[in-house]
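The residues making up each chain are set out below.
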Amino acid sequence: MIADEQIVNSCSFVSIRGWMIAQFPTEQTESGEFHRQEDAFREWVSDDGSSPYPAVADRYHLYVSLACPWASRTIIFRKLKRLEETIGMTIVDPIRDERGWAFRDPSGKIPPGAPFESTDPINRFQFLSEAYKATDPGFDERVTVPVLWDKETKKIVNNCEDDICRMFNDVFNEFAQNKNVDLFPKDIEAEHAKLANFLHDNVNNGVYRAGFATRQRPYEIACRRLFEALDGLEERLSKGRYLCRDRIVEADWRLFCTLIRFDSVYHGHFKCNLRRIVDYPNLQGYLMDLYQQPGIADTVNFDHIKRHYYMTHTQINPNRIVPLGPVLDLGKPHNRERLK
């Protein structure tokens, strides 16, 4: 019998009775399904005095990973709203070991376990877990990105990407250089919210439900549900340039963050391999259209993406070999302008 602690802390592939051990044991059901943990910190920055955290310049700092799709959406919002001068940002190393996200040189020159100098300019933390412990000394769940940190109280304000994106769009608009960019338009609020929930449940989290399943049936259910959603989105995007016709909204960037990782990671590593995104003419053109929007390519780092997934998820990829491909040409003409 293998001790529970030995199973949880092992960095290699382990199986018991033919079942794969969960990547995150506390987020796995006995039937083999992945259930993502809830975000721990949900305080709100306000521009009307309704919270202890006022919207002011240079008070808040964003901790992110370029590999993580959830964090990437906040990076995109910061870029599109042009909030770089208002909210600082630090990128963690894409390789996460048993100690979690690390503030070390993300180039890969310093291997996990070796001594390193902190790349965190705000607190000189070595690991993001220190920010969580500073906020809640009793925190014992999985440490996630993104994190919006308050430099004044020296605590995490929020670690929910949905909340952070909304705050960047709304309450920090006074400081945004692109004040006219509104990714949560009021006139389609109900439709947009329904669409965002659909994308989260079936696509954004759907790839993880397939990839982190530890039994065959939950994997197959999640994978089929994912591709049913992609098939429906392919049809939807045959009729409009973006998800809400001719304008880009938050839901587009929510979908983009999964699509941009799909052929490189989710198709092979997470076994979401019924089809690739390149096999969908409308989804592929839509992906290229969004990728070619000003500033967006700067937020995408395939080196970080592939090294994170293939080297961190050792229960799935025990040899930690990072594939060379696929070769993606996202800069070629997409011809989506013909759609309205």
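Here, every reference points to the structure presented above.
Okay, so let's go over this structure. Counting restarts for each chain: residues are numbered from 1 in the order of the written sequence. Owing to the predicted nature of the model, reporting of local features is limited to residues with pLDDT of at least 70; listing and counting of side-chain atom pairs is limited to 80 or more, with chain, interface and lining totals taken over all residues. Heavy atoms throughout the structure, all of them, feed into the side-chain values; hydrogens and water do not.

## Focus: the packing of helix H8 (residues 250–266) against helix H9 (residues 281–291)
Thought 1: To get an axis, fit a line to the C-alpha atoms, keeping to the stretch in contact for a helix; angles then go from 0 to 180 degrees between the N-to-C directions. Under the DSSP-based scheme used, a helix requires at least four consecutive residues in state H or I and a strand at least two consecutive residues in state E, with every element numbered from the N terminus. Where H8 contacts H9, the axes come no closer than 10 Å and their chain directions differ by 105 degrees. Taken together, the axis directions place H8 and H9 in an arrangement best described as roughly perpendicular. Across from Asp 252, Trp 253, Leu 255, Phe 256, Leu 259 and Ile 260 in H8, the residues of H9 making contact are Leu 283, Tyr 286, Leu 287, Leu 290 and Tyr 291.
Thought 2: Residues are grouped as follows: Ala, Val, Leu, Ile, Met, Phe, Trp, Tyr, Cys and Pro are nonpolar; Asp, Glu, Lys and Arg are charged; all remaining types, including Gly, are polar. Grouping the constituent residues of the contact of H8 with H9 by class yields 10 nonpolar, no polar and one charged. Angles are sorted into four bins: roughly parallel if under 35 degrees, roughly antiparallel if over 145, roughly perpendicular if 65 to 115, and oblique for all others. In this description, contact between two residues means that some pair of their heavy atoms is separated by no more than 4.5 Å.

## What to know about the sheet that holds strand S8 (residues 155–158)
Thought 1: Two strands form a pair only when DSSP identifies at least two bridges running between them. Taken together, the four strands give an open sheet; going across it, the order is S6-S5-S7-S8, and neighbouring strands pair in mixed fashion. Looking at the sheet topology across the chains shown, the edges are occupied by strand S6 (88–91) and S8. Strand after strand, the sheet turns through a mean of 35 degrees between neighbouring axes, direction not considered.
Thought 2: Direction of pairing for strand S5 (residues 60–64) relative to S6: parallel, over a ladder of four bridges. When the bridges of S6 are listed, Leu 62 appears paired with Met 89.
Thought 3: Relative to S5, helix H2 (residues 69–81) is tilted by about 135 degrees, and along the sheet it contacts S5 and S6.
Thought 4: Docked against the sheet, helix H4 (residues 161–169) engages S5, strand S7 (147–150) and S8, running at close to 60 degrees with respect to S7.

## Here's the deal with unusual backbone geometry
Thought 1: Residue Pro 146 is bonded to the preceding Val 145 through a cis peptide linkage, with omega at 5 degrees.
Thought 2: With respect to the helices and strands, the residue Pro 146 is situated in the loop between helix H3 (129–135) and S7.
Thought 3: Of note, the amide linkage connecting Gly 325 to Pro 326 takes the cis form, showing an omega dihedral of 5 degrees.
Thought 4: In this structure, Pro 326 sits in the segment after helix H10 (302–312).
Thought 5: The phi dihedral of Arg 82 is positive, around 60 degrees, even though this residue is not glycine.
Thought 6: With respect to the secondary-structure elements, Arg 82 resides in the loop between H2 and S6.
Thought 7: Non-glycine residue Lys 154 carries a positive phi angle of around 55 degrees.
Thought 8: Along the chain, Lys 154 falls in the loop between S7 and S8.

Geometry only, nothing functional implied.
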